[in-house]
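Reading the structure
Residues per chain, in single letters:
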Amino acid sequence: MLHIYIRRIAIGVGFLLVIIVALLAWSRVA
Amino acid sequence: MKFSLKQAAVWITLYVIFAAAPIVVAYLSPVPNARSFWVEFAVGLGFVGLAIMGFQFVLTGRFKNIAASLGLDSMLQFHRQAGQIAFFFILGHVFILMLANPNYLAFLDPHANLPRALALSAVLGALVLILVTTVWRQSFGLSYEWWRVIHGVLALFIVFIGLVHILQVGFYISVWWKQAFWLIMTVGALFLLINTRIINPLRMYRRPYRISQIREERDEAWTLSLEPVGHHGIRFTPGQFAWLTLDKSPFSLRQHPFSFSSSAENNECVEFTIKALGDFTKTVGATKIGTRAYIEGPYGAFTPDPDPAVGCVFIVGGVGITPIMSMLRTFRDRSESRNLCLIYGTLSLETTLFLDEIRDLERTLNLKFVHVLENPPVGWNGERGLISKDILNRHLSEHYIRDNEYFVCGPETMMDMVEPYLRCRGIPLKYILSERFKIV
């Protein structure tokens, strides 16, 4: 696997998790 | 097993599901009344940050099933990136909570609760320390062995205090099964550490090797031959690597990853060619014949397709030649006639590892050899300078671009240029295999 893609995948996973956390928090408050 | 995009996608999806699982469990009924969005968001970041920290133990657990499809080097690179993400999640947890409601500052106030304030301040310090010592280890002159000790201790401390913090706050884990979930996750992480540091070394202890030969190569490199003692040795695929322990117990932390350089068809012994680059590798030349050694492996997905109809293009710099030599020697021993092209960049003729043998292999294999010399001698007609797009364009004609696998191994700067170049030439991702020296 290419190094550049691993970095991108990790950043993508990080963003995805932030969005999941935000959506779950929003659903909790709403 | 070869790298597969589909399998990688499955592992990544599972990773996201497991990382998000703690917050989903926390939100399952019964739940207390919700606080503000930012407080809930910050708490969620803390849960997920701790889960990522816990999964760091899986990524470094050297599990062959996972490593076979992704490559252990890729997993360790992901581990590095994931550690930084966890750092920012936990930092976000602290800062957003305090900005959303300054009352949370009490968590770090020694007057409010001294043990809690000390533990949480220490865990924040440990987070900074684990990141700094990893990213700038060499700048600090920290040896690899000491770094491993510090890294493991800090990681355990962070996960342990994180768990205590969740149990102590207790907001989302009022019922026993939610507490059990966190305990199981933590015990699981601890087991993975025990597996890496105790169970795997125990297996190695039963399968010792001895150094049977030491050869001095060019450019301050040494080839160590290891023969198995009382067992049948190791079977590997050319291009793979293993963790080598020399003259120490397998429980020692002085364990380093090296690519096999010998043919996979050689059942009598295995060889590693090691260049004197760091604190450990500079001592390799002084190893005595008969020295006890242990091998953990094989690992890595930097391996050629078993089908001889698939050609290989190797784009290599310096000591990156070692896994390629294993492949070339294996192809020779199997009398394979697959299409091979080696573009090999080195400093000078005198420092070119395996030059004579590669020239011999040119005659026995279907191998095109392009030698790129940074400091060529007078009268040199070949390529000169560093491996560049122009050089690759000249030698990778359309004939070589199709139906081949591409193996890239060498210094970071070379790989940073070659990997995107190959993608631009239209090579599918699954046909580009790269291996970086700095996996630890």
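Small disclaimer: the values here were computed from a predicted structure and weren't measured.

1. Things to note about the overall build of chain A
The helix and strand tally for chain A stands at one helix and zero strands. A total of 30 residues make up chain A; the buried ones form 33% of that total.

2. Examining the overall build of chain B
Looking only at helices and strands, one finds 12 helices and 12 strands in chain B. Referenced to the eigenvectors of the C-alpha coordinate spread, the extents of chain B come out at roughly 75 × 50 × 40 Å. Sequence separation of at least 24 residues holds for 74% of the intrachain contacts in chain B that already meet a minimum separation of 6.

3. A closer look at the interface of chain B and chain A
Every contact between the two is made by 31 residues of chain B and, on the other side, 20 residues of chain A. Of all elements in the fold, only α1 (5-27), α2 (37-59), α4 (72-100), α12 (412-424) and β12 (432-436) of chain B reach the threshold of two or more residues within the side of chain B that touches chain A. With eight residues, the single largest contributor to the side of chain B that touches chain A is α1 of chain B. Grouping the amino acids of the side of chain B that touches chain A by side-chain chemistry returns 22 nonpolar, six polar and three charged.

4. Description of the sheet that holds strand β4 (residues 256-259) of chain B
Residue and element names in this part refer to chain B. Spatially, β4-β3-β6-β1-β2-β5 is the arrangement adopted by the six strands of the open sheet, whose pairing is antiparallel. Two strands in the sheet have a free side with no partner beyond their single neighbour: β4 and β5 (270-275). Strand after strand, the sheet turns through a mean of 40° between neighbouring axes, direction not considered.

5. A closer look at the environment of Phe302 of chain B
Residue and element names in this part refer to chain B. With respect to the helices and strands, the residue Phe302 is situated in the loop between β6 (292-299) and β7 (311-317). Spatially, the C-alpha atoms of Phe302 and Ala119 are 43 Å apart, while their sequence positions differ by 183 residues. Apart from the residues within four sequence positions on either side, Phe302 is in contact with Gly71, Gly239, Pro323, Phe407, Leu433 and Glu435.

6. Digging into the pairing of strand β9 (residues 367-373) of chain B
Residue and element names in this part refer to chain B. As paired strands, strand β8 (residues 340-346) and β9 are joined by seven bridges and run parallel to one another. Each residue of the ladder has a partner; that of Cys341, found in β9, is Lys368. Since β8 and β9 lie parallel, the crossover through helix α9 (residues 355-364) that links them has a hand, and here it is right-handed. Direction of pairing for β9 relative to strand β10 (residues 383-384): parallel, over a ladder of two bridges. Bridging from a neighbouring strand, Leu373 pairs with Arg384 of β10.

7. Digging into the sheet that holds strand β11 (residues 404-410) of chain B
Residues and elements named next belong to chain B. Ordered in space as β10-β9-β8-β7-β11-β12, the six strands form an open sheet in which the pairing is parallel. For this open sheet the edge positions go to β10 and β12, each flanked by a neighbour on one side alone. Where β11 and β12 come together, five bridges link them in parallel fashion. Looking across to β12, one finds that Gly410 is bridged to Arg436. The sheet strands contacting helix α8 (residues 321-333) are β7, β8, β11 and β12, and the helix crosses β7 at an angle near 150°.

8. Description of the pairing of strand β1 (residues 209-216) of chain B
Residue and element names in this part refer to chain B. In the sheet, β1 pairs with strand β2 (residues 221-228) via seven bridges, with the strands oriented antiparallel. Bridge pairing links Gln213 to Ser225 in β2. Counting the residues between successive antiparallel strands, the hairpin from β1 to β2 contains four residues, one of them, Asp219, with a positive phi of roughly 60°.

9. Observations concerning the domain arrangement of chain B
Splitting chain B by domain gives domain 1 (5-204), domain 2 (209-299) and domain 3 (311-436). Distance between the C-alpha centres of domain 1 of chain B and domain 3 of chain B: 41 Å.

10. A look at the nonpolar core
Residue and element names in this part refer to chain B. Counting residues in hydrophobic clusters, the biggest one holds 111 residues, and the most contacted among them are Val48, Ile52, Phe314, Ile324, Leu342 and Ile343. If you tally residues by element for this core, the top one is α2, at 13 residues. Setting aside chain neighbours within four positions, we find Ile52 in contact with Ala19, Ala82, Ile85, Ala86 and Phe89.

11. Let's talk about unusual backbone geometry
Residues and elements named next belong to chain B. Note that the residue after Ser29, namely Pro30, is joined by a cis bond; omega there is 5°. Here the bond from Gly297 into Pro298 is cis, since omega is 0°, no more than 30 degrees from zero. Within the fold, Pro298 resides in strand β6. One non-glycine residue with positive phi stands out, namely Glu220, at about 55°. Along the polypeptide, Glu220 turns up in the loop between β1 and β2. The backbone phi angle of Ser335 is positive, close to 50°, even though this residue is not glycine. Within the element layout of this structure, Ser335 appears in the loop between α8 and β8.

12. Some words on helix α5 (residues 114-135) of chain B
For the α-helix, the turn length of 3.6 residues means that residues three or four positions removed from each other point alike. All names here are of chain B. The first and last C-alpha atoms of α5 sit 32 Å apart over 22 residues, in line with the 32 Å expected at 1.5 Å per residue. Within α5, burial applies to Val123, Leu127 and Ile130. The buried side chains of α5 occupy one side of the element, clustering within an arc of 70° when seen end-on. When the buried face of α5 is taken as reference, the exposed residues oriented beyond 90 degrees from it are Leu114, Leu118, Gly125, Val128 and Val132. The inward-facing, buried residues of α5 contact α4 and α6 (144-169).

13. Some thoughts on the packing of α2 of chain B against α4 of chain B
All names here are of chain B. Relative to each other, α2 and α4 sit at 155°, their axes nearing to 8 Å. One finds that α2 runs roughly antiparallel with respect to α4. Seen along the crossing, α2 lies across α4 with a hand that is left-handed. Here the contact of α2 with α4 is composed, by residue class, of 19 nonpolar, seven polar and no charged.

14. Some thoughts on the confidence of the model for chain B
All names here are of chain B. This prediction gives chain B a mean pLDDT of 89; 97% of its residues lie at or above 70. Averaged over each element, pLDDT in chain B is lowest for helix α3 (residues 64-70) (67) and highest for α8 (96). Interface confidence in the predicted complex, given as ipTM, is 0.95; pTM for the same model is 0.81.

Cut-off values and rules
- Throughout, a residue's number is its position along its own chain's written sequence, starting from 1.
- Written order determines the labels here, with chains lettered from A and ligands numbered from 1.
- Note on the predicted model: pLDDT of at least 70 is required for a residue's local features to be given, and 80 or more for side-chain atom pairs to be given and counted; whole-chain, interface and lining totals, by contrast, use all residues.
- The numbering of helices and of strands both runs from the N terminus, where a helix is a DSSP run of H or I of at least 4 residues and a strand a run of E of at least 2.
- Exposure classification rests on a simple neighbour count of other C-beta atoms within 10 Å of a residue's own: a residue reaching 20 or more is buried, one at 12 or fewer is exposed, and one in between is partly exposed. C-beta atoms are placed from the backbone.
- By definition, residues are in contact whenever their C-beta atoms, placed on the basis of the backbone, come within 7 Å of each other.
- Amino acids outside the nonpolar list (Ala, Val, Leu, Ile, Met, Phe, Trp, Tyr, Cys, Pro) and the charged list (Asp, Glu, Lys, Arg) are all regarded as polar, and Gly is one of them.
- Note: two strands are recorded as paired if DSSP finds a minimum of 2 bridges between them.
- All axes here are fitted lines through C-alpha atoms, helices being fitted over the stretch that makes contact, and every angle between N-to-C directions spans 0 to 180 degrees.
- Crossovers are described as right-handed under a simple rule: with the strands pointing away from the observer, the path leading from the first strand over the helix to the second runs clockwise.
- Domain delimitation in this document rests on an assignment produced automatically or drawn from a domain database.
- Among buried residues, those of type Ala, Val, Leu, Ile, Met, Phe, Trp, Tyr and Cys that are joined through C-beta atoms within 7 Å form a set called a nonpolar core.
- Working rule for helices: expected span equals 1.5 Å times residues minus one.
- Regarding the arc, it is the one traced by the directions from the helix axis to the C-beta atoms.
- Between 65 and 115 degrees an angle is taken as roughly perpendicular, under 35 as roughly parallel, over 145 as roughly antiparallel, and anywhere else as oblique.
- Each crossing gets its hand from how the near helix is turned against the far one by less than a right angle, where anticlockwise is left-handed and clockwise is right-handed.
- Confidence of the predictor in every single residue is expressed as pLDDT, which spans 0 to 100.

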